[in-house]
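Now for the letters of each chain:
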Amino acid sequence: MLADQPRAPAHAETMGHPFAPIPYTVRSVVLETPDTTTLVVEPHGDQRIPSSRPGQFVMLYAFGVGEVPIGVAGGNAEGQLIHTVRSAGKVTQALTHLTPGDTVGIRGPYGHGWPVANARGGDVVVVAGGLGMPPLREVVYELFRHRDSFGRVEIVYGARTPKDLVYYNEIQSWRRRDDVRLQVTVDAAGREWYGDVGVVTTRIPDCRFDPPKTTAFVCGPEIMMKLTAQALVERGVKPESTWISMERNMKCAIGLCGHCQFGPSFVCRDGPVFCYRDLAPLLAVREV
Amino acid sequence: MTEPRASALAEALRNHPFFAGFDTAFVRAISAKASDQRFDVDEYLAREGTEAGLLYAVIEGKIALEIGSADRPHLTVQTVGPGEVLGWSWLVPPHRWRFDARAVKPSHAIALNGDVLRRTLRTHPKWGYEFMVRFMPVLAERLENTRVQLLDIHAR
């Protein structure tokens, strides 16, 4: 991590007890893929969590089932939050079955976000794999909002198949901008797909940026981030300018329980966004 | 093919990243019997199992490489675009395409004759070596990409 990397004070995020969730009401639900849902939620009452920064996460509580860490995919001044959840266990299954009007608990936001400000003045490459896109969505909009502050912007999005791409229509709208270059690729596809096919790393050589002046934000499965970061560094992007977002078994989210320990770090407290320079040696170690 | 046409193809080949910097005489030699080809969307450049006598140097567009069988839908496993080459079955017996190649964008490629290529590479070992030095990284990269696909990096 770096000193100027965005960070929320761990305990001060949630009003009252650090583990007490604030109730939010589900405003709308979008089925992204057969097992992945985007929830738009808004404060149930006067209480709301503090504003989050791109890359931070919250703990989403499905009442009576449990809570899980979920990245913040978006939000607005009225306190609405956007979360995209894949059904992968009991809690996430419950969250993906919520309907408008249901209540969900939220505490946070937690952790270090993406150091978008560090990238000002240079080129930026955003690489997302599968459900790595939601934690990067706000980075993309931050780049759009301050577009003149950055050089070339490259967005690369890869997924297993076309059916696994989230925010598909929204991402297609990014393609219409003439100040951003977007590449979407899938690992395999049927004949109905007319886009690129190949693992996400195959698109890195085609990216247009000035490597020594480029900041890279990479999010996806760990093996995808490792291979992508390697490909970026091989192209000349500095390891200290390459950022990845780690996922571990986060429980308390405030650096107390140790469930998310990754080498000398707690992912919830010291991450989830880490500098690749610091993490690269650990990514080569089995079962860390 | 007329001489001016062959000359134009040789010039186009020299501008293709794979062939850029090659000995001019080599490029001219392999341009014999080469053809300039354009493909509409969904038009096939190659069909699995048919004779593979061509190496395509892709100039524009996008080509999907598909594998399939009668009992399951065809699957696109890779796309090839401008600046890349497509096809190595012309080099490897029994010279049959191992996959279908279908244009998924309007595409433009120079099709090099496999017989001419093999004969030229065989009779000019220096050219043959340089060609292999360029061709092997293409194969190695595709092998590596296939290995990454096998990792199924988006697996749940």
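This text follows the structure it describes.
Residues numbered from 1 in each chain as written. Chains lettered and ligands numbered in written order. Predicted model: local features only at pLDDT ≥ 70, side-chain atom pairs only at ≥ 80, totals over all residues. Heavy atoms only, no water.

**Overview of the overall build of chain A**
So, point 1. Across its full length, chain A carries six helices and 16 strands.
So, point 2. C-alpha atoms of chain A, sized along the principal axes, occupy 45 × 45 × 40 Å.
So, point 3. Here the contacts in chain A between residues at least 6 apart in sequence split such that 72% fall between residues at least 24 apart.
So, point 4. A total accessible area of about 11900 Å² is found for chain A, and carbon and sulfur atoms account for 51% of it. (Helix = DSSP H or I, 4+ residues; strand = E, 2+ residues; numbered from the N terminus. Contact = heavy atoms within 4.5 Å. Areas by Shrake-Rupley, 256 points an atom, 1.4 Å probe, with all protein chains shown as cover.)

**Thoughts on the nonpolar core**
All names here are of chain A.
So, point 1. Among the nonpolar cores identified, the biggest contains 38 residues, and Val 127, Leu 232, Ile 244 and Met 246 are the most heavily contacted of them.
So, point 2. For this core, the secondary-structure elements that each account for two or more residues are strand S3 (57-62), strand S8 (123-129), strand S12 (214-219), helix H4 (222-234), helix H5 (267-270) and helix H6 (276-283).
So, point 3. Viewed by domain, this core spans two of them, domain 1 (22-110) and domain 2 (116-245), each represented by three or more residues.
So, point 4. With residues near it in sequence (within four places) discarded, Ile 244 still touches Trp 114, Val 218, Met 225, Pro 272, Val 273, Phe 274, Tyr 276, Leu 279 and Leu 283.
So, point 5. With 37 residues, the next largest nonpolar core counts Val 116, Val 124, Trp 174 and Ala 189 among its residues. (Core = buried A, V, L, I, M, F, W, Y, C linked by side-chain atoms within 4.5 Å. Buried < 20%, exposed > 50% of the residue type's maximum accessible area, 1.4 Å probe, protein only. Domains from an automatic or database assignment.)

**Describing the environment of Gly 89 of chain A**
So, point 1. Its place among the elements puts Gly 89 of chain A in the loop between strand S6 (81-86) and helix H1 (90-96).
So, point 2. Taking C-alpha positions, Gly 89 of chain A is 34 Å from Leu 143 of chain A, a pair spaced 54 residues apart along the chain.

**Here we look at H6 of chain A**
Residues and elements named next belong to chain A.
So, point 1. Regarding H6, the residues found buried are Tyr 276, Leu 279, Leu 282 and Leu 283. Along the axis of H6, the buried residues cluster in a sector spanning 120°; they form a single face.
So, point 2. At its buried positions, H6 is contacted by H4, strand S13 (242-245), strand S14 (261-262) and strand S16 (273-275). (Arc of directions from axis to C-beta.)

**Examining the pattern of salt bridges**
Where charged atoms from two side chains of opposite charge come close, those side chains can pair.
All names here are of chain A.
So, point 1. In this structure the tally under the stated criterion is 26 salt bridges over all chains.
So, point 2. Of the charged contacts in the structure, one is a salt bridge between Arg 152 and Asp 123, with a shortest N-O distance of 3.2 Å. Taken as a pair, Arg 152 in the loop between helix H2 (133-145) and strand S9 (153-159) and Asp 123 in strand S8 lie far apart in primary sequence, 29 residues in all.
So, point 3. According to the relative accessible area criterion, Arg 152 is partly exposed, its value standing at 44%.
So, point 4. Among the ionic pairs, Arg 248 bridges to Glu 222, the shortest N-O distance being 2.7 Å. Here the residue Arg 248 occupies a position in the loop between S13 and S14, and Glu 222 occupies one in helix H4, the gap between them amounting to 26 residues.
So, point 5. The class for Glu 222 is partly exposed, based on a relative accessible area of 29%. (Salt bridge = Lys/Arg side-chain N within 4 Å of Asp/Glu carboxyl O.)

**Side note on H4 of chain A**
Residue and element names in this part refer to chain A.
So, point 1. For H4, which comprises 13 residues, the first-to-last C-alpha distance of 18 Å matches the rise-based estimate of 18 Å (1.5 Å per residue) to within 8%.
So, point 2. Taken together, the buried positions of H4 are occupied by Met 224, Met 225, Leu 227, Thr 228, Ala 229, Ala 231 and Leu 232.
So, point 3. Positive phi appears at Gly 236, one or two residues downstream of H4, with a value of about 110°. (Expected span 1.5 Å × (residues − 1).)

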